[in-house]
Amino acid sequence: MRVVSSIRVLQRSAAEGLFKFLAWIGEEPISVYRPEAHYMLGPGPAWRAKHQPGQVASLRRVR
């Protein structure tokens, strides 16, 4: 009888842990694709070297 009750306690705690985990997953929405997070924003060093007046562009030709 004691073994059966301990198994039920283990099952109950496992089920509670599973439900907590599923609730935690449900809290965070699936991230959507945001291009601004993957691409450089603003001009880069090649653009600055090309467009700054009075300086010689030391970078190779940009295609």
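Residues numbered from 1 in each chain as written. Predicted model: local features only at pLDDT ≥ 70, side-chain atom pairs only at ≥ 80, totals over all residues. Heavy atoms only, no water.

Here we come to the overall build of the chain. Scanning the chain for helices and strands turns up 2 helices and 0 strands. Here the chain, with 63 residues, has 3% of them falling under the buried criterion. Carbon together with sulfur atoms contributes 62% to the accessible area of the chain, which is approximately 6700 Å² in total. (Helix = DSSP H or I, 4+ residues; strand = E, 2+ residues; numbered from the N terminus. Buried < 20%, exposed > 50% of the residue type's maximum accessible area, 1.4 Å probe, protein only. Areas by Shrake-Rupley, 256 points an atom, 1.4 Å probe, with all protein chains shown as cover.)

The tally for this structure, following the rule as stated, stands at 1 aromatic pair. Between Phe21 and Trp24, the aromatic rings sit 6.0 Å apart at their centres with planes inclined by 35 degrees, giving tilted as the arrangement. Residue Phe21 and its partner Trp24 are both found in helix 1 (residues 2-27); the two are separated by 3 residues, about one turn of the helix. Overall, Phe21 belongs to the partly exposed group, its relative accessible area being 44%. (Phe/Tyr/Trp six-rings, centres within 6.5 Å; stacked < 30°, edge-to-face > 60°.)

All right, on to a nonpolar patch on the surface then. Taken together, Leu18, Phe19, Phe21, Leu22, Trp24 and Ile25 make up a surface patch of nonpolar side chains, about 660 Å² in accessible area. Along the polypeptide, Leu22 turns up in helix 1. (Patch = residues over 30% accessible without salt bridge, like charges linked within 9 Å, V, L, I, M, F, W, Y side chains within 5 Å. Salt bridge = Lys/Arg side-chain N within 4 Å of Asp/Glu carboxyl O.)

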